[in-house]
Amino acid sequence: MLLSGTILAGISVPAYAQEAPAVEPVLPVDNTIRSIVVNGSQRLESGTVLSYMKLRVGQTYTQEAADQALKDLFETELFKDVSIRNNAGAVVIEVVENPVINRILLEGNKRIKEDKIRPEIRLAPRQIFTRSKVRADVARIVELYKRKGRFAASVEPKMVQLDQNRVDIVFEVNEGPKSKVQQINIIGNEVFSDGKLRGEMATKQARFYRFFSSSDTYDPDRLAFDQQKLRQFYLTEGYADFRVISAVAELTPDKKDFIITYVVEEGDRYKFGDVTVESEIRDFTSETLTPLLPMKEGDFYNAKQVEDTVENLSETAGLFGYAFADVRPEFTRDKDTLTMGINFQVAESDRVYVERIDINGNTLTVDKVVRREFRLNEGDAFNSFQVKRSANRIKSLGFFQDELEIEQKQGSAPDRIILEANVEERATGELQLSAGFSSVENFILQASVRQRNFRGKGQELRASVSYSSFSQAIEFGFTEPYLFDRNIAVGVDVFRRDLNSFNFVGNDRETTFEQLTTGFQVRAGVPITEYLSASLRYGLSFDDVTLDRDLFFTDSNSDGTRGNSADDTCDPLVAGRFLCDALGKRTTSSIGASLIYDDRDNRVRPTRGQTIVGSLDFAGLGGSVKYLRGRLNAAKYWRPFGQFIFSISGEAGYIHPLENRGSAADGIDDIRLTDRFFLGEPQIRGFGIRGVGPRVVRNFTQPALDDNGNPFNQIIINENQRTDDAIGGRAYYLARAELEIPLGSGARELGLRPSIFVDAGAVFKVTTPILQNPQFVGRLQERDANGAGVTIGRVDSNGAPVLDTNGVQIQDPVFVDNALGFLRTDPNGNAIITPQATDANGNPFPVATTFTESFFGDTASPRVSVGIGVNWNSPFGPFRIDVARALLKEPGDDTKLFTFNVGTQF
C-alpha cells in the first residue's frame, strides 16, 4: 500500500500513517593522517624530528597517539616546547628548540679550585641545553663539596640568553662553612675506652692542632668505613661477636657541625681452639704446614692473623706453582668454652705454567725494557714470589705509575696462566732551569737536561751545569743498562768541577783554596744473583789546587809585589802548612770495584728492604796520587706500623796511603787534603759544614805593653776574627735513624713529609800538623819608607781639622808597607816588623796582631745529634728544613741548630 501525506474528506488519517519529511544523511568522520608538517626547527631537519616519534602518514590520528608523540619528543631533551594540532588529517607539529650552550662559568668557588669542579660537570660548550643535565651537574658539585665536609654548600644555576639561540650557563656556588665532627660518642663499650676506639677510626674530632688534616671533616662514606674499622679492631682482639648496632650523625643546633654516635655490642672474647691445615695439594702436606701456623691453641682469637694466614698459604702454594690454590678457613665456634677452632682447607688444584706475558699501555717504552724485568718467562712454572718481584723491578725503573700490579688471568687451559702488566707511562724527560738559596752554598743556579728512558730503551742521558758562590760544575753522562741486550750495564761520565773551599772567619765565609778538577769515569755492572751485583769502574782526573797569591804568598824579592814573582812561595804563617801542602797539580788514575746487595721494594722511595754496598778503589794505576780507599754503606727500611716508614743507615770508610810524602815530624800527612774524608752538614745534621773532625783553629791576638813599653802577654782581640779550617781525616763513620711520619690527606696534597731523626758520626786519623805560633818581637814604632815615624792630621768631612781637648789637631798613623798584621821572619831569619801606631802625643801603642793555632777533633768519639725535619714539595720548588741539636760533641766542633734548602723553577 502506498502511503502519502494528503487528507481525505470526512476521514481523519493517523500521524504515523503520514509520510515523514526528508532528512540529510550524516557522513562518517575520517581521522586518517594525510600529512605531517614540522614548524619551528632551526638546527634539526624535519625528518630528524619525525624520527623521534611514532606518528606516521596514513595512521589514524588519536589523542593517545598525539600524547605519546609529545612524550617522545620531550624525552629527547632537544626541545623547550612542543605542541601538536590536527586540521582534518593535516598534522602540524610546532617545536621550540633548546638553546646551544656557548660556555660554562663558575662563580664563588674559592675552597675548591675550578680544575677540581670541571670534571664533575657533564655539560659542555656546543651541547644542547637541558634542565635535567643542569640539575645533575648541580647535584654532583654539591656532592663534591659534601665530600670536602661542606654540607651547607649550595649551587644555583643561571642561564644568560645570547643571540642565535645560545646561552651561557653560570653555576653560582655558595660554599658555606666547613662541617666538622664536633664530637664522637660511643655507647656500649666496656672493655676499651672511648679514646682507644676513636684512635682506631679514620674520622677524628675537630681540634685546633689538626689544621693540616682533613680527618675531622664529616664524610658519610668515612662513617661507614669507621664502622668497619671498629669491627676489624674488635675481631683482632678476639671479640668475634662484636657488632655495631647503629651509627647516627646529627647536626648541631647551629647547623654547622656534626655529632656522631655509635651504639656497639662487644660480646664475649674468644680464644683459638684446634688450628689445623688440610691440604689436597701434592708436596704441600698438612703435617708440614700445621706447625708453621702463627696462631696456637689458647691464644686470643685474631681475625687479622687468620686473613694473613690465608694469604700466606696462598702465596706459599704459589711458590710451588699453584697459582689458583683455593684456601678456605672453616670456623668451629664453641660459645660454652669461648673457643674458635679453625681448619684451613687447601683444595686440590693443578700446577700452573705461564702461557703468555702481555704488556699494555706502553706507548714510548719498548716491550723488551719491561719484559727483561720479569723474573718469569713464558713456559716457566708459576711462582707468586717471582711475580711480586717482577712488579717491584718494573716500578723501580721509574718509568711507570707507582701503584703497578701484574694481573693474573686464566689461560687457555686450567693449568695455564696469563700475566698482564697494565702500565701507565709517566714523563721521564726532565728539562730544568732552577734558582734558589741554601744555607750551604748561598745563591744557586742550575740548568740540567735528563732523559731516563732515552729512545724508550731504558737508557739514561744527562747533562747539567751548576753555579753557586763556592762551586761551579758541568757534567755529561750516559748509561746503557743492557749492553747488546745482555744484563750488563755500562756508563760513562765526563766532568769539570771548580770548587772554592772555604773556612769561617767568625760568622763570615772566607775562600781558602780553589780546586779545579777535570776528568772522566767509565763503569760497568753485572748481576750475580737476583739481589747481588758487582760493578767495576776506572777514572782519570786532573786536579789543580791553587791559593790567592796576593794573600797567601811571600814577597821573596821584597819588591812590594807579593805573589807576582815566580820565586814567591806559599807562606805557612798566612795560609797554614796544611794549605801550602795541598797546592799543586796532580793526576789521579784509579780503578775500583763494588759489591752491591739490594732487595728494596722501590729504589726511588723505598718502604721495605735493605741495601748493602761495599767498594774498594785503588789510585796509582799511573798518575801522581797513590792510595787504597774502602767504603761500606748499608741501609734498611720497613714499616713498623701504619704508613710510618722507619729507616736505619750507616756508612764507613778508610783511605790508606801507598806513598811516603814526609815524616810525622814535618806535620805532613801522606794523604793529601783534597783526598781525605770530611763530615758535617748535610751528612750529619746539627753540625756546620765540615763541622766535625780534625781542624786547625787560629785565634788572633795583640800584645799588651807594660809601663816600660815591653810586651808582657797576648790578648785575644775578637772571637769573630778566629779562623776555622777543617783538614779532614783518613777514616770516618756515620749512622742515621729516621722515622717518616704520615700526615692526613690535606698535608699529603701539600707535599709535606715530616720526620724525626738521630745522626751520629766522626771523622778522624790524620797526622798532627805543625802549628804556627809567631811571637811578638818588641816595642815598635810606625815608620815611613825612610824609617821616620809618620802621622797625619785628622780632618772631618768638610776638610776642617779635628781637635783634641787641648785644641791640638789629632794625629792618625799612616801605614806605608803591605804588612798583614802579624810578625813574621824573612828567609834570612830577620824579623819583618809590622809597624805600630802612635797616639796623639806620639807614643807608640800596639796594633800589630799575632795569632795562636790549636789542633782539635782528631778522635773517633761519636758526635750525636737529634732533630726534626720536613720535606715540602712547595709551589716554588723542593724545600727542606732541619732543626737539630748536637747532644755529643768534641772541642773544636762547629754546631748548627737550623738548616734549610729551597729552590724554585721558572
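Residues numbered from 1 in each chain as written. Predicted model: local features only at pLDDT ≥ 70, side-chain atom pairs only at ≥ 80, totals over all residues. Heavy atoms only, no water.

### Remarks on the sheet that holds strand β7 (residues 181–187)
Using the following cut-off: One requirement defines pairing of two strands: DSSP has to find at least two bridges between them. Strands here mean DSSP runs of E at least two residues long; helices mean DSSP runs of H or I at least four residues long; both are numbered from the N terminus. Every axis corresponds to a line fitted to the C-alpha atoms, with the helix fit spanning only the stretch in contact, and the corresponding angles, defined between N-to-C directions, vary from 0 to 180 degrees. Note on contacts: a residue pair is in contact if any heavy atoms of the two residues lie within 4.5 Å.
The strand order β7-β9-β8 describes an open sheet built from 3 strands, whose pairing is mixed. The open sheet is flanked by β7 and β8 (243–251), the only strands paired with a single partner. Taking the axes of each pair of neighbouring strands and ignoring which way they run, one obtains an average angle of 15° across the sheet. Pairing analysis gives 8 bridges linking β8 to strand β9 (residues 258–265), with the strands arranged antiparallel. In the strand pairing of β9, Leu251 is matched with Phe258. On the sheet, helix α6 (residues 220–236) packs against β8 and β9 and is oriented at approximately 30° with respect to β9.

### With respect to the pairing of strand β2 (residues 79–87)
A regular strand places its side chains on the two faces of the sheet in alternate fashion. Where β2 lies against strand β3 (residues 90–97), 8 bridges are found, and the strand directions are antiparallel. Note that in β3 the partner of Asn87 across the bridge is Ala90. Counting the residues that bridge the hairpin from β2 to β3 gives 2 residues, and of these Ala88 lies at a positive phi of roughly 55°.

### Describing helix α2 (residues 63–75)
We count it as follows: For a helix, the expected span equals 1.5 Å multiplied by the residue count minus one. Only protein chains enter the calculation, and the probe is 1.4 Å; a residue is then buried if its accessible area is under 20% of its type maximum, exposed if over 50%, and partly exposed in between. The arc in question is the one traced by the directions running from the helix axis out to the C-beta atoms.
The end-to-end C-alpha separation of α2 is 18 Å, in line with the 18 Å expected for 13 residues at 1.5 Å each. Along α2, the positions that sit buried rather than exposed are Ala66, Ala69, Asp72 and Leu73. Viewed along the axis of α2, the buried residues span an arc of 120°, placing them on a single side of the element. Facing away from the buried side of α2 by over 90 degrees, the exposed positions are Glu64 and Glu75. Next to the buried residues of α2 lie α1 (46–51), β2 and β3. In the segment just after α2, Glu77 is the residue with positive phi, at about 60°.

### Points about the packing of aromatic side chains
Just so we agree on the cut-off: Stacked, tilted and edge-to-face pairs are distinguished by plane angle, under 30 degrees for stacked and over 60 for edge-to-face with tilted covering the rest, among Phe, Tyr and Trp rings (Trp via its six-membered ring) whose centres lie within 6.5 Å. By definition here, charges over rings are those cases where NZ of Lys or CZ of Arg is within 6 Å of the ring centre and within 35 degrees of the ring normal.
All chains considered together, the criterion is met by 15 aromatic pairs. Measuring from centroid to centroid gives 4.0 Å for Tyr234 and Phe242, while their planes differ by 5°, and the two rings are stacked. The same class applies to Tyr234 and to Phe242, which are both buried. An aromatic cluster of three or more residues is present, and its members are Phe192, Phe233, Tyr234, Tyr239 and Phe242. The ring of Phe300 has Arg269 sitting right over it, with the charged end atom 3.6 Å from the ring centre. Over the ring of Phe300 we find Lys271, and its NZ or CZ is 5.2 Å from the ring centre.

### Some points on the confidence of the model for the protein
Quick reminder of the rule: Confidence of the predictor in every single residue is expressed as pLDDT, which spans 0 to 100.
Per-residue confidence for the protein gives a mean pLDDT of 79; residues scoring 70 or more make up 79%. Scored below 50 in pLDDT, residues 775–785 makes 42 contacts in the model with residues more than four places away or belonging to other chains.

### What about the nonpolar core?
Looking at soluble globular proteins, one finds that nonpolar side chains tend to be buried together. Where we set the bar: For this analysis, a nonpolar core means a set of buried residues of the types Ala, Val, Leu, Ile, Met, Phe, Trp, Tyr and Cys, connected via side-chain atoms within 4.5 Å.
Residues Phe272, Met295, Tyr301, Val306, Ile342 and Phe344 are the most contacted members of the largest nonpolar core, which totals 24 residues. Per element, the largest residue contribution to this core is 5 residues, and it comes from helix α8 (residues 303–319). If sequence neighbours within four positions are ignored, Phe272 has contacts with Met295, Lys296, Glu297, Gly298, Asp299, Phe300, Tyr301, Asn302, Gln305, Val306, Met340 and Ile342. Judged by nonpolar contacts, the second largest core, of 21 residues, contains Val352, Val369, Phe382 and Phe399.

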